[in-house]
Every structure is written in structure tokens, then in C-alpha cells.
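Structural description and commentary
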Amino acid sequence: MVRKFDAVILGAGAAGMMCAIRAGQRGKRVLVLDHARAPGEKIRISGGGRCNFTNIHTTGTSYISANPHFAKSALARYTPNDFVQLVERHGVPWHEKTLGQLFCDNSAKDIVNLLLAEMRDANGQLELQQEVLSVEKAPGGYRVATSGGLVEASALVVATGGKSIPKMGATGFAYRIAEQFGLNVVETRPGLVPLTLDAQLLERLAPLSGISVPAEVRHGRTAFREALLFTHRGLSGPAILQISSYWREGDEILLRIAPDRNLFEELKSARKINGRQAPQTVLAEILPRRLAQHVLEKAGLAATVQMAECPDRVLEAIASAAQSWRMKPAGSEGYRTAEVTLGGVDTKDLDSRTMAAKAVPGLYFIGECVDVTGWLGGYNFQWAWASGHVCGDAL
Ligand code: FDA
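The rules we used
- Residues numbered from 1 in each chain as written.
- Predicted model: local features only at pLDDT ≥ 70, side-chain atom pairs only at ≥ 80, totals over all residues.
- Heavy atoms only, no water.
- UniProt positions renumbered as here; feature names shortened; annotations may be inferred.
- Phe/Tyr/Trp six-rings, centres within 6.5 Å; stacked < 30°, edge-to-face > 60°.
- Helix = DSSP H or I, 4+ residues; strand = E, 2+ residues; numbered from the N terminus.
- Buried < 20%, exposed > 50% of the residue type's maximum accessible area, 1.4 Å probe, protein only.
- Lys NZ or Arg CZ within 6 Å of the ring centre and 35° of its normal.
- Core = buried A, V, L, I, M, F, W, Y, C linked by side-chain atoms within 4.5 Å.
- Contact = heavy atoms within 4.5 Å.
- Domains from an automatic or database assignment.
- Buried area = accessible area lost by both parts, 1.4 Å probe.
- Salt bridge = Lys/Arg side-chain N within 4 Å of Asp/Glu carboxyl O.
- Polar contact = N/O pair within 3.5 Å; in protein donor to acceptor, adjacent residues only side chain to side chain.
- Near = heavy atom within 4 Å.
- Areas by Shrake-Rupley, 256 points an atom, 1.4 Å probe, with all protein chains shown as cover.
- Nonpolar A, V, L, I, M, F, W, Y, C, P; charged D, E, K, R; others polar.
- Axes fitted to C-alpha atoms, helices over the stretch in contact; angles between N-to-C directions.
- Parallel < 35°, antiparallel > 145°, perpendicular 65-115°, else oblique.
- Left-handed = near helix turned anticlockwise from the far one by under 90°.

The name recorded for the chain in an unreviewed UniProt entry is NAD(P)/FAD-dependent oxidoreductase, from Pseudorhizobium endolithicum. For the chain, the Cofactor (unreviewed entry) comment in UniProt is given as "FAD".

A full pass over the atoms with the stated rule returns ten aromatic pairs. Each ring, one from F70 and one from W383, has its centre 6.3 Å from the other, and the planes form 65 degrees; the classification is edge-to-face. Remark: W383 occurs in helix α13 (residues 379-394) and F70 occurs in the loop between β4 (63-64) and α3 (72-77); sequence separation between them is 313 residues. Each of the two residues, F70 as well as W383, counts as buried. Taking 5.5 Å as the distance between ring centres and 15 degrees as the angle between the ring planes, the aromatic pair formed by F381 and W385 counts as stacked. Of this pair, F381 and W385 both sit in helix α13, separated by four residues, roughly a single helical turn. The exposure class of W385 is buried, given its relative accessible area of 0%. The cationic tip of K97 hangs over the ring face of F103; the distance from NZ or CZ to the ring centre is 4.8 Å.

Moving on: the UniProt feature "domain: RsdA/BaiN/AoA(So)-like insert" (unreviewed entry) in the chain. The UniProt entry lists residues 189-340 under the feature "domain: RsdA/BaiN/AoA(So)-like insert" (unreviewed entry), expressed in the numbering used here. In residues 189-340, the share of helix is 34% and the share of strand is 24%. The end C-alpha atoms are 9 Å apart.

Within the largest apolar cluster, 81 residues are counted, with the highest numbers of intra-cluster contacts made by I111, F365 and W385. With residues up to four places along the chain from it excluded, the contact list for F365 reads V158, A174, I177, A178, L183, V345, L350, M355 and V370.

Let us now look at the domain arrangement of the chain. Taken as a whole, the chain is organised into domain 1 (2-190 + 340-394) and domain 2 (194-332). Between domain 1 and domain 2, the C-alpha centre-to-centre distance is 40 Å. In this complex, domain 1 contributes eight residues to the contact, which on the side of domain 2 involves eleven residues. Among the residues domain 1 hides against domain 2, the three largest losses belong to R189, W375 and L376. Together they make up 58% of the total. Our enumeration of links across domain 1 and domain 2 arrives at zero salt bridges. Where domain 1 meets domain 2, there are four residue pairs in polar contact (both at pLDDT 80 or more).

Before going further, it helps to spend a moment on the site of the ligand. Surrounding the ligand, one finds 29 residues, the nearest of these being A15, D34, N52, E368 and F381. One nitrogen or oxygen atom from the main chain of A14 is found 3.1 Å from an oxygen atom belonging to the ligand. Here H35 contributes a backbone N or O atom positioned 3.2 Å from a nitrogen atom of the ligand. Compared with its free state, where it exposes 1000 Å², the ligand has 92% of that area covered by protein. When contributions to the shell around the ligand are tallied by element, the ones reaching two or more residues are α1 (14-25), α2 (41-45) and α13. Among the elements that line the shell around the ligand, the one with the most residues is α13, at four residues. Of the residues belonging to the shell around the ligand, the class tally is twelve nonpolar, 13 polar and four charged.

Attention now goes to the UniProt feature "domain: RsdA/BaiN/AoA(So)-like Rossmann fold-like" (unreviewed entry) in the chain. Mapped onto this numbering, the UniProt entry gives "domain: RsdA/BaiN/AoA(So)-like Rossmann fold-like" (unreviewed entry) at residues 6-393. Helix makes up 31% of residues 6-393 and strand makes up 25%, while its end C-alpha atoms are separated by 13 Å.

This paragraph deals with the packing of α1 against helix α5 (residues 109-121). For the pair α1 and α5, the least separation of the axes is 8 Å and the interaxial angle reads 25 degrees. By the angle between their axes, α1 is roughly parallel relative to α5. Along this stretch, α1 crosses α5, giving a crossing that reads as left-handed. Facing α1, whose interface residues are M17, A20, I21 and Q25, α5 presents L115, L116, E118 and M119. Residue composition of the contact of α1 with α5, by class: six nonpolar, one polar and one charged.

Our focus in this paragraph is the packing of α1 against α13. Running from N to C, α1 and α13 cross one another at 30 degrees; their axes reach a closest spacing of 7 Å. Crossing geometry of α1 relative to α13 is assigned as right-handed. Seen from α1, the contacting residues are A14, A15, M18, C19, R22 and A23; seen from α13, they are F381, A384, W385, G388, H389, C391, G392 and D393. Its residues placed into classes, the contact of α1 with α13 shows nine nonpolar, three polar and two charged.

Right, dumping it as C-alpha cells:
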């Protein structure tokens, strides 16, 4: 027996559920299929268990894509405020943490439950633990063969996300379907991911492991000011995750530790006030002690030197060791820990108002599988909600 629907949505993540809600509210008969045991697993683990569900500063400029304008239409039609209203309607308590990032007060599960309740109200059907065996064109639409049987629908929405965290069931499924129907896929790579260092550099930086400092991390013309964390494998923290989406193998990054401070001027005035102090003592008042020590070693300063013995050029060398620190990461931690997948279904082949494949009637791609990747800070969920919503509006 073949079951028939108006739309079959593959993937019960953020984008797929939002799409089902919107289409269901418009009276469409919708089936959502997922191979996982539970819906919205990435929502559940997101934001350290509190889900950074949107960012109030969302604009098209916070996204990386071969076409930087593509996301604007959907983001303008379904805004962070629209999602906040939904969250408030369900009485989910939330707060702004920093930089416009909105988090649940209690648990990310509140967001999953909210989406499931909305989906139920909209009569969307959800079937879990369904392996999708094949997808093909059928008269008037698409036929999907799953471990649970055959379904047909006039529209097929692919919302199966990217490749990040394969342990949670992430697959390259969406890209395979895109290719099957002749759509281009922009090369994929891990984004929002810690960077690793070669063994030699790692050994030198080993004493810094666990230190978190405010920093500006730059790659070319792109820079982020957030926390930087030295780890036992390399570099992490929000500033590094952000820049990792721009960094390519072989590139250098530039670290500016304590970017809001003028280290050179501070060192000069410390020398004036008390020339007998050791630079180590002065710097350790500004930076964590172990980092101060490392910076002085990098600047080639002997431990016995006093501030009065440091001419301007030495103080400049110290400041520059901390604030013009060039580093060449060896690689990234890869999809194992990446929060997102860069690249994906080529936006050239999609209609930005509906997410429909331009050349394949009835086929849609939404969420992370599309070549639209947000910065850290709630932007990726906002893209999932927005692309899912405009697609649900068009089904
Ligand atoms: P998503 O990956 O959520 O959903 C895809 C669904 O498809 C899954 O349910 C999966 O099981 C299913 N699926 C996959 N392959 C399938 C197949 N072959 N057959 C059937 N089903 C299949 N973003 C943000 O804005 N704020 C945050 O706080 C965080 N935090 C965060 C933490 C961590 C650890 C990660 C890994 C990621 C984040 N993100 C985030 C990113 C965010 O989770 C991501 O951008 C969205 O979940 C993408 O939503 P999608 O619906 O597109 O894919």
C-alpha cells in the first residue's frame, strides 16, 4: 500500500519540524520522516543543553555562502522576533546571554517540546526510526521507499542537515539527493570547530592549556572578538570557532590577546611608575600568569630583567608577542565536533523565497544542508526556522 501526502519532509530537525508546522497550519497533509530515535536531537544538545535558539542581531551578513545575498529573503520573512513570539506563546522562559544570543532559561528540551506541540496542533505526522531506502520521481510528485513502506507526495522537502557529529546520525544524505536530481553541491567542510596545532607548537603551548582570555582572532579581513581558549589539542573558544569557518588549511590566523587594552602604553606607564618591577609581574596583572610567562619567552626576555632595563623597542616586542601573534593551525577537529557544515546544496539552484529547486518542480532543500552557514550565536537555528517556514508557506 502506498500512503499519500501533500508533502514528505525528510529530517525531523529544526528546519524540518518548522516546515511541517507551517505547512500543516495551512492545511497540508504532511509526513515527517527521520532515521533517529528522537526528533530534534541537535536542538536538545545545543547551547550546552540550553539551546541558543536565535540571535536578535540576525542579518544576512552573519552568514557564509557562495551567494551572500541568498539568505536575506527568508530571514526577512521569518525573523528572530517571530520565533521569540512562538517561544513566549508556549511560556518557555528565556534570556539574552551576550551579543544578542537568546537561550532557554531551563532546557533545550523546551524548544523540542514546543515544536512537537505545534506540529501536533497542525496535524503533522511524525515517524521516527525510518530508513530512507530510495527517493524517486513518481507521477505528480515523489515516491519515497522507507523501512516502513512506500509513501508518495506532490512535494519532497529535504531537511536532513549536514555532516557534523556523525555519531548523532548526521549523514551526507541531502547532498546525495541533490546530486541525484542534478543540483550542484558546493564543497562541504566542517565549520565552528576547534583548530589543532602541530606537535611542536602544541608542546610549547602545553602550559597554557585551560586558559581562556578575551581575544580578537583575525583571518584576512574577518575578525571576531570573543573568548579564546587554549586546549591540550590546540585552540578553541568562541573566537576560534567563529574564525574556523573562514580558515583554510595552510592559512595563518592572527591573535590579538586582550584586544581592548593597549599593552605597549600600559607597559610604558608601569615602567615609569616602578622601574624595579619585573616585566613578568607587570604582565601578570594584565594576562593570566602562565600566558604572561609565555609571552615574555616569545619576546625573548630573560627572567632577571627589570622594567627600567627595557627600552621602548623591548616593550613593543612584548606587546606584539601578545597582540600580533601569528599562528598557523595544523588542521581542525573535523566533523566529529564541528557545530555546522559549510557548503552544501548550491543556492544558485534554489529559489530564495521558497527553497524550491529551480529546475525540479516539487523538490525543496532547507536548513543546514543548504550552502548557508551562520556564525556562532543562534544564527544557525534562525536560518533553520526561517528556511523551514518560508518553505512551509510555499508547499
Ligand atoms: P538537523 O541536523 O538539526 O536535523 C536533521 C535531521 O535529519 C536529524 O533529525 C537527523 O536525524 C535526520 N537525518 C539525517 N540523515 C537522515 C537520513 N538519511 N534519513 C532520515 N533522517 C535523517 N545552532 C544555533 O543556532 N545555536 C546553538 O546553540 C547551536 N548549538 C549547537 C551545538 C552542537 C553540539 C551542534 C552540533 C550544533 C549546534 N548548532 C547550534 C547548529 C544547529 O544545531 C544546526 O544548525 C541545526 O540543527 C540545523 O538544523 P537542520 O534541521 O537543518 O538539521
